[in-house]
Amino acid sequence: MSTVSTSARTSAPVASDASRAPRTGLVNLPFLAIELRRLLRNRRTMIFTLIMPPAFFLIFGTAQEYKTTSVGHANVTAWIMVSMALYGAMLATTGGGASVSVERAQGWTRQLRLTPLRPATYVTTKVVVAMVLGLVSTLVVTAVGLVSGADGEAGRIALSVALAWAGSAVFAAFGLFMGYLLPAENVMQILGPVLALMAFAGGLFVPLGDGLFADIAKVVPTYGLAEIVRAPLTGDGVSVWAIVNVLGWAAVFVSGAAWRFKRDTARV
Amino acid sequence: MTFTETLPTPAPAGSGPLAIDLRGLHKSFGTVRAVDGIDLAVRPGEVVAFLGPNGAGKTTTIDMLLGLARPDAGTVQLHGMDPARAIAEGRVSAVMQSGGLLKDLTVLETVQLTASFFRATRSVAEVMERAGIADIGSRQVAKCSGGQQQRLRFALALLPDPDVLVLDEPTTGMDVEGRRDFWNALRADAARGRTILFATHYLEEADAYADRIVLVSHGRVVADGSAAQVKNLASGRLVSARLAGLDERGADTLRALPGVQDVEVRGDRVLVRTQDSDGVARHLLTATSASDVEITARGLEDAFLALTGDATRTDDTLGSL
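Residues numbered from 1 in each chain as written. Chains lettered and ligands numbered in written order. Predicted model: local features only at pLDDT ≥ 70, side-chain atom pairs only at ≥ 80, totals over all residues.

(A) Looking closely at the sheet that holds strand 9 (residues 212-217) of chain B. All names here are of chain B. If you trace the six strands from one edge of the open sheet to the other, you get 5-7-8-3-9-10, paired in mixed fashion. Each end of this open sheet is capped by a strand with a single partner; those strands are strand 5 (92-95) and strand 10 (220-226). Between one strand and the next, the sheet's axes are offset by a mean angle of 15°, whatever the strand orientation. Along the sheet, helix 1 (residues 58-65) contacts strand 3 (47-51), strand 7 (164-168), strand 8 (195-200) and strand 9; its crossing angle with strand 7, the most-contacted strand, is approximately 150°. (Pairing = 2+ DSSP bridges. Helix = DSSP H or I, 4+ residues; strand = E, 2+ residues; numbered from the N terminus. Axes fitted to C-alpha atoms, helices over the stretch in contact; angles between N-to-C directions. Contact = placed C-beta atoms within 7 Å.)

(B) Quick peek at the interface of chain A and chain B. Taken together, the contacts link 34 residues of chain A with 38 residues of chain B. The leading source of residues in the side of chain A that touches chain B is helix 2 (residues 29-41) of chain A, at five residues.

(C) Structural context of the nonpolar core. Counting residues in each nonpolar core, the largest one holds 143 residues, and the members touching the most others are Val82 and Leu86 of chain A together with Ala155, Val166 and Val214 of chain B. If we ignore the near neighbours within four places in the chain, the residues touching Ala155 of chain B are Val111, Val127, Met128, Ala131 and Ile133 of chain B. (Core = buried A, V, L, I, M, F, W, Y, C linked by C-beta atoms within 7 Å. Buried ≥ 20, exposed ≤ 12 C-beta atoms within 10 Å, placed from the backbone.)

(D) Local environment of the pairing of strand 2 (residues 32-42) of chain B. Examined bridge by bridge, strand 1 (residues 20-29) of chain B and strand 2 of chain B share eight bridges and lie antiparallel to one another. When the bridges of strand 2 of chain B are listed, Leu22 of chain B appears paired with Leu40 of chain B.

(E) Here's a closer look at the domain arrangement of chain B. Taken as a whole, chain B is organised into domain 1 (20-232) and domain 2 (237-297). Taking only C-alpha atoms, the centre of domain 1 of chain B and the centre of domain 2 of chain B are 44 Å apart. (Domains from an automatic or database assignment.)

(F) Up close: the packing of helix 12 (residues 221-234) of chain A against helix 13 (residues 240-265) of chain A. All names here are of chain A. Packing of helix 12 against helix 13 leaves a shortest axis separation of 8 Å and a crossing angle of 130°. Here helix 13 runs oblique to helix 12, going by the angle between their axes. Regarding helix 12 and helix 13, the two cross each other, and that crossing is left-handed. Residue-level inspection shows Pro221, Tyr223, Gly224, Leu225, Glu227 and Ile228 of helix 12 in contact with helix 13, the latter providing Ala242, Ile243, Asn245, Val246 and Trp249. Class assignment of the residues belonging to the contact of helix 12 with helix 13 gives a composition of eight nonpolar, two polar and one charged. (Parallel < 35°, antiparallel > 145°, perpendicular 65-115°, else oblique. Left-handed = near helix turned anticlockwise from the far one by under 90°. Nonpolar A, V, L, I, M, F, W, Y, C, P; charged D, E, K, R; others polar.)

(G) Representation of the confidence of the model for chain A within the structure. Residue and element names in this part refer to chain A. When pLDDT is averaged along chain A, the result is 87, and 93% of the positions lie at 70 or above. Mean pLDDT per element in chain A: strand 1 (residues 2-3) is the minimum at 41, and helix 8 (residues 154-167) is the maximum at 96. Throughout residues 1-15 the model reports pLDDT below 50, and contacts reaching past four residues in sequence, or to other chains, amount to 28 contacts. (pLDDT = per-residue confidence, 0-100.)

Structure (structure tokens):
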């Protein structure tokens, strides 16, 4: 960060015209650094995104028979591990996106409009921070999984984990959309249970079988991602429906977030 | 009693662009006309108090001035640019009434973060020093008092070294000490020649800190002049006496006395607004048959109430004379 060194001020503006030009570029490193630091200080976020998903994995995924049963190219424990990695990444990215809600409630976004910060930079930073938290959450679940009996072809497990992280971007958009839509001061109190419900209904926590729930699951936002993330481990192909599901929900969340974002930054 | 004269808007002097140029601003919310035709020309370096009761349209005007709200009609120019560009270039900054801070950040982090939004700023240490928060940099914003938070907003506003600084009710909710510290910091800054416009509903603040007072009421400017001029409007006293049968000639005699601003007859009482209450009283008691003479001081408060049209209290006071 450069500073203007002139010390005394007269009635004439001190800063030169060149230094008055607004910053360009979508990413501003000090902004990113402070946002990441805020994240680390947020105990609630840490618990929900870094402790709960691996804890769920340990509870649901480490039975002895899971470790010895194969799903194709990995054991069941690994299959549950990547599912929980996706769940953790979902929680992290949704929470990161939804943090705009708190900042709107506190009037911070209004304050930002009195600075040259471009709204696009603000949103990009929020998404980057959400994805960083999602990555950490994914890696924590994976690390816990690998020392707790998850086993299989390393390349396929790595691919699954990478897909879980990349796919969680859809939920960063979901979080942003909800953060702009909902006026709540702590929007994650609503979204936490919603995500848990989606995870259940989309077959992330328990297999769906073939009944009515399996049909409902096909339209749940987690369904497509769950199938895509697990595909490398099972060796099954990815159904067209899973891809339609992911792309469809991504379109809904991104356009919803963009719509609310535009409304939020419009002058009234 | 009537008190409707409006001081003339000072004509812009010099040829440079105005620091603030508001023309014909209108803004309604539903059927409420929040701003109903405001014109305001502020020259560079002026310190202007935007004074008016709550609901006069001050905040709405400031929102339009800063580009946070779009006028229904009228134009806003800051040093010849529209508000969005003035903000993008850091030529105008603002201290808003409340909110606008992240509670989980420290004071220092808030300043550093805001500085990162600009290409170039004054140093973080300098603005914190000038705003009087250098010693609380490590304090969490949530733990700061209202006064400290307001000085933090002030520090943020100083970062781009703006030509124009706008403050909306900057001392609302502060205790006496916080208010004094805040104004001391602002006064020191004003001495450096920055254009400052602050909204307030405290007369004392407008009187003490502004070169010029713009009185607004019901979305319009009702008086505009130097602090001294506005004070003069209000500095007189009211002499009231029972004086039956006062004719126009008698009233004109009273009007001709030195210092008399206004004469009004109500029934058998005459009300004289004057700078020289002793002279009027002496005249009434020696040259006329007046009796029951009362002299009351008129404060800024009365002028304020009269000028802003919320004169019910003034009338009540007079009615009991």
